[in-house]
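Observations on the model geometry
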Amino acid sequence: MTLPERLATIDARIAAAALAAGRDPASITRIVVTKFHPASLITDLAALGVRDIGENRQQELSAKIDEIAPLDGVHWHFIGQLQSNKAKAVARAAAVVPLSVHTVDRPALAGALDRALEAAEAGPIDAFVQVNLTDDPARGGAHPDDALAVADAVAGCARLRLRGVMAVAPFGEDPAPAFDRLAAVSERIRTVDTAASAISAGMTGDFEQAIAAGATHLRIGSAITGNRPPRG
Ligand SMILES: *Cc1c(COP(=O)(O)O)cnc(C)c1O
C-alpha cells in the first residue's frame, strides 16, 4: 500500500470503531507518529491533509522543526519521555510551532516546562498528564494514585493548559482493562478542571480498543508510516 492508502485505511478503521462505540469520529484526533523517519515524511503527510504530527525525542523534534517548520496548519505533539533539562528545548520549539506535550508525569517537570515557556515567551500550551499503567516504575508516567497531584501542578502553571491524560498500554496484556483504568484516572482529573477531558491513548496495535474506552487522541505510527527505519 502507498502512504495515502495506508492513511485512508486507518482513518476508515478509526471511523468504524468510533461509530461502533456510539461516538462521533470527528471527536477523535489522529496523530501520525513520525519518529525515526525523515522530515520529508512530515511534509508528505501535510500535503495529504494530516494536521497532527507526533515525535518522541526532543532532539529529533527540534531538528525536524528547524528543517521544515512552519508547516501551515500542522500541530506538533511531543509524546516521549521528557527530562527537566530538555524543557528549554521543548519550550523553544513551542515558540516556533503549535505544540502539545503528552508526557508531563511529575510536578517538577510541569514547573520546569512552565518556567522554560515563560523564558521563551511561548505558550500557553496543552499538557497531558502521563499515567503509568504498568507495575514497572521505570516506565514513564505517574502512578495512577499520583496523577491528580501532577494535574494540580499543571493546573497551577500559567503557561500550561491541563488537557487530559495520556498512557501507553502495557506490553503483552489485554489493553482493554488498562484503558479502562486510564478512563478512571481521567474521571478524577476532571475534578481539577472539567475541560481536561482529553484521553491520549491507542497506537497501531490497540487504537480500536482505545476508542472503545474513550480515547480522544490516537498516536498511530507504523500502521500509517510503514516500518520505522532503525533508531538513529
Ligand atoms: C512510537 C509511539 C507510538 C506509535 O507507535 P506505533 O505502534 O508505531 O503506532 C505511540 N505512542 C508513543 C508514546 C510512541 O513512542
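Above this note sits the structure.
This section reports on the structure supplied with the text. (Residues numbered from 1 in each chain as written. Predicted model: local features only at pLDDT ≥ 70, side-chain atom pairs only at ≥ 80, totals over all residues. Heavy atoms only, no water.)

Before going further, it helps to examine the site of the ligand. Contacts to the ligand come from V33, K35, N56, I79, M166, M203, T204, R219, I220, G221, S222 and R228. Here a nitrogen atom of the ligand sits 2.9 Å away from a polar atom, N or O, in the side chain of R219. Summarising the interface, the protein chains cover 89% of the accessible area of the ligand, which totals 390 Å² for the free molecule. Put simply, the ligand lies in the largest pocket. Partitioned by chemical class, the residues of the shell around the ligand number five nonpolar, four polar and three charged. (Near = heavy atom within 4 Å. Polar contact = N/O pair within 3.5 Å; in protein donor to acceptor, adjacent residues only side chain to side chain. Areas by Shrake-Rupley, 256 points an atom, 1.4 Å probe, with all protein chains shown as cover. 1 Å grid on protein atoms, 1.4 Å probe; cavity = no way out; pocket = protein on both sides within 12 Å on 5 of 7 lines; lining within 4 Å. Sits in = over half its atoms within 2 Å of the grid points. Nonpolar A, V, L, I, M, F, W, Y, C, P; charged D, E, K, R; others polar.)

Quick look at the packing of helix α6 (residues 147-155) against helix α7 (residues 175-189) now. The interhelical angle for the contact between α6 and α7, taken along N-to-C directions, is 45°, at an axis separation of 10 Å. Accordingly, the angle class assigned to the pair α6 and α7 is oblique. Handedness of the α6/α7 crossing: right-handed. The segment α6 lies against α7, with A147, L148 and A151 engaging V185, R188 and I189. (Axes fitted to C-alpha atoms, helices over the stretch in contact; angles between N-to-C directions. Helix = DSSP H or I, 4+ residues; strand = E, 2+ residues; numbered from the N terminus. Parallel < 35°, antiparallel > 145°, perpendicular 65-115°, else oblique. Left-handed = near helix turned anticlockwise from the far one by under 90°. Contact = heavy atoms within 4.5 Å.)

Attention now goes to the layout of surface pockets. As a volume, the largest pocket reaches approximately 680 Å³. As for the largest pocket, its lining consists of 31 residues, and the residues nearest its centre are K35, N56, I79, G80 and V168. Looking at the lining of the largest pocket residue by residue, the classes come out as ten nonpolar, 14 polar and seven charged. (Points joined across faces, edges and corners; volume = space filled by probe spheres on them.)

Now for helix α3 (residues 58-68). Among all positions of α3, only Q58, E60, L61, S62, K64, I65 and I68 are buried. Turning to α3, the residues buried within the fold contact α2 (39-47), β2 (52-55), β3 (75-78), α4 (87-96) and β4 (99-104). (Buried < 20%, exposed > 50% of the residue type's maximum accessible area, 1.4 Å probe, protein only.)

Glancing now at the pattern of salt bridges. In the structure shown here, the tally under the stated rule is eight salt bridges. Residue R13 is joined to E208 by a salt bridge in which the shortest nitrogen-to-oxygen separation is 2.9 Å. Of this pair, R13 sits in helix α1 (residues 3-20) while E208 sits in helix α8 (residues 207-212); the two residues are 195 residues apart in sequence, bridging distant segments of the chain. On the accessibility criterion, R13 (34% relative accessible area) is partly exposed. Of the residues examined, E208 reaches a relative accessible area of 31% and is grouped as partly exposed. Of the charged contacts, one joins D105 and R106 as a salt bridge, the two residues approaching to 2.6 Å between their closest N and O atoms. (Salt bridge = Lys/Arg side-chain N within 4 Å of Asp/Glu carboxyl O.)

By themselves, these are just geometric observations and shouldn't be taken as functional.
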